[in-house]
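# Breakdown of the fold
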Amino acid sequence: METKTLFRERRSANFFDKNKELEQTLLEEIINLAVLAPSAFNLQPWRIIAVKTQESKKRLFNLSNQQDKVLEAPVTLIIVGNNEGYSDSNPVWAEMLQSVGGNKQIVEGAKQAAAFLYGSSKERKLKFAESNAGLLSMSIMIAAKEYGVDTHPMSGIDFDGIHKEFGLSEDETVVMTIVMGYSDKNKTLYPRRPRRKFEEIVKIV
Ligand SMILES: Cc1cc2nc3c(=O)[nH]c(=O)nc-3n(C[C@H](O)[C@H](O)[C@H](O)COP(=O)(O)O)c2cc1C
């Protein structure tokens, strides 16, 4: 699909076809395309929990203000950001070392810069995790649409409850959830609401 069309046709689908599964291979293709999203130092401080079983969906539904789409759709992704994603334990640093031909100084410099930029306060850590994982989220929704898969991002959820229920670590944060599947063709989505445009939102300085 042409990129402009993708942007115009992506909608937050409210009603999902309960009888249409999302093939595992397709989910993998979507995610593997979406991870081309940019991230600071290419650190990719994210992971995804794909909620697929009926039992897991019910747990998530109860922590999502009982939004029906969680039960209707074949899968909902919990987008998890890592507040400490710049730390030594991130495997990306080892890959970076290879990418720069084994030059340890370059990698050490980058590690120090990242720790300074993103790790100096709780607020910065959270900003780091959420900005990067937020871009991944948009990337997933656009990639899904390319494959004819509908999505719905959600933050009307119990962030702390999901964190606990799905066993996230202390360093991790729930960024949002994304419902995925195929919209129910028997139901009509409300018309798309207008967006505030350039002249309203851009200040040129
Ligand atoms: C971060 C985020 C959180 C959202 N949370 C919810 C939600 O919990 N429930 C819901 O029905 N819609 C939710 N939405 C969907 C928005 O209402 C929707 O994107 C907006 O109305 C624009 O419609 P469109 O995506 O179809 O263009 C969320 C959207 C975003 C980006």
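Residues numbered from 1 in each chain as written. Predicted model: local features only at pLDDT ≥ 70, side-chain atom pairs only at ≥ 80, totals over all residues. Heavy atoms only, no water.

## Overview of unusual backbone geometry
Here Phe-41, not a glycine, exhibits a phi torsion of approximately 55°, which is positive. Structurally, Phe-41 can be placed in the loop between helix H2 (24-34) and strand S1 (46-51). Of note, Asn-42 is a non-glycine position whose phi angle comes to about 55°, a positive value. Topologically, Asn-42 is positioned in the loop between H2 and S1. Taking the relative accessible area as the measure of exposure, Asn-42 reaches 38% and is therefore partly exposed. (Helix = DSSP H or I, 4+ residues; strand = E, 2+ residues; numbered from the N terminus. Buried < 20%, exposed > 50% of the residue type's maximum accessible area, 1.4 Å probe, protein only.)

## Quick word on the site of the ligand
Lining the immediate environment of the ligand, one finds Arg-10, Arg-11, Ser-12, Gln-67, Lys-69, His-152, Pro-153, Met-154, Ser-155, Gly-156, Arg-192 and Arg-195. Measuring from a nitrogen atom of the ligand, one finds a backbone N or O atom of Pro-153 at 3.3 Å. In this structure, an oxygen atom belonging to the ligand sits 2.9 Å away from a main-chain N or O atom of Gly-156. Considering the ligand on its own, with 620 Å² of exposed area, one finds that the protein chains cover 66% of that surface. Looking at side-chain class alone, the shell around the ligand contains two nonpolar, five polar and five charged residues. (Near = heavy atom within 4 Å. Polar contact = N/O pair within 3.5 Å; in protein donor to acceptor, adjacent residues only side chain to side chain. Areas by Shrake-Rupley, 256 points an atom, 1.4 Å probe, with all protein chains shown as cover. Nonpolar A, V, L, I, M, F, W, Y, C, P; charged D, E, K, R; others polar.)

## Considering the pairing of strand S2 (residues 75-82)
Counting buried positions along S2 yields seven of eight residues, so the element is predominantly enclosed. One ladder, built from six bridges, connects S1 with S2; its direction is antiparallel. Bridge assignment links Arg-47 to a residue of S2, and that residue is Val-80. As defined by bridge partners, S2 adjoins strand S4 (residues 172-181) across eight bridges and the pair is classed as antiparallel. Paired with Ile-78 across the two strands is Thr-177, which belongs to S4. (Pairing = 2+ DSSP bridges.)

## Side note on the side chain of Thr-173
Its location among the elements puts Thr-173 in strand S4. Here Thr-173 falls in the buried class, since its relative accessible area comes to 12%. In this structure Thr-173 touches Ile-79, Val-80, Gly-81, Asn-83, Leu-126, Ala-129, Glu-130, His-163 and Leu-168, once residues within four positions along its chain are discounted. (Contact = heavy atoms within 4.5 Å.)

## Some details on a nonpolar patch on the surface
On the surface, Phe-198, Ile-201, Val-202 and Ile-204 cluster together into a nonpolar patch covering about 430 Å² of accessible area. You can see Ile-201 is positioned in helix H9 (residues 198-201). (Patch = residues over 30% accessible without salt bridge, like charges linked within 9 Å, V, L, I, M, F, W, Y side chains within 5 Å. Salt bridge = Lys/Arg side-chain N within 4 Å of Asp/Glu carboxyl O.)

## Some points on the pattern of salt bridges
Applying the stated criterion to the full structure yields eight salt bridges. Its salt-bridge partner being Glu-55, residue Arg-59 comes within 3.0 Å of it at the nearest N-O pair. Separated by four residues within a single helix, Arg-59 and Glu-55 lie in helix H3 (residues 54-62), roughly one turn from each other. For the salt bridge of Lys-125 with Glu-84, the shortest nitrogen-to-oxygen distance reads 2.9 Å. Placement of the pair is Lys-125 in helix H7 (residues 122-146) and Glu-84 in the loop between S2 and helix H5 (92-99), with a sequence separation of 41 residues. One network of salt bridges, with partners in common, ties together Glu-55, Arg-59 and Glu-165.

## Here we look at the nonpolar core
Formed by 23 residues in total, the largest nonpolar core has its most connected members in Leu-77, Ile-140 and Met-180. Counting only elements with at least two residues in this core, the list comes to H2, S2, H7 and S4. Counting residues per element, this core draws most heavily on H7, at six residues. Among the nonpolar cores identified, the runner-up in size contains 18 residues, and Ala-13, Ala-73, Ile-162 and Leu-168 belong to it. (Core = buried A, V, L, I, M, F, W, Y, C linked by side-chain atoms within 4.5 Å.)

## Looking at the packing of H5 against helix H6 (residues 104-118)
For the pair H5 and H6, interaxial distance at closest approach is 9 Å and the crossing angle is 140°. Compared by their axis directions, H5 and H6 come out oblique. In this structure, H5 meets H6 at a crossing whose hand is right-handed. Where H5 abuts H6, its residues Trp-93, Met-96 and Leu-97 lie against Lys-104, Val-107, Ala-110, Lys-111 and Ala-114. (Axes fitted to C-alpha atoms, helices over the stretch in contact; angles between N-to-C directions. Parallel < 35°, antiparallel > 145°, perpendicular 65-115°, else oblique. Left-handed = near helix turned anticlockwise from the far one by under 90°.)

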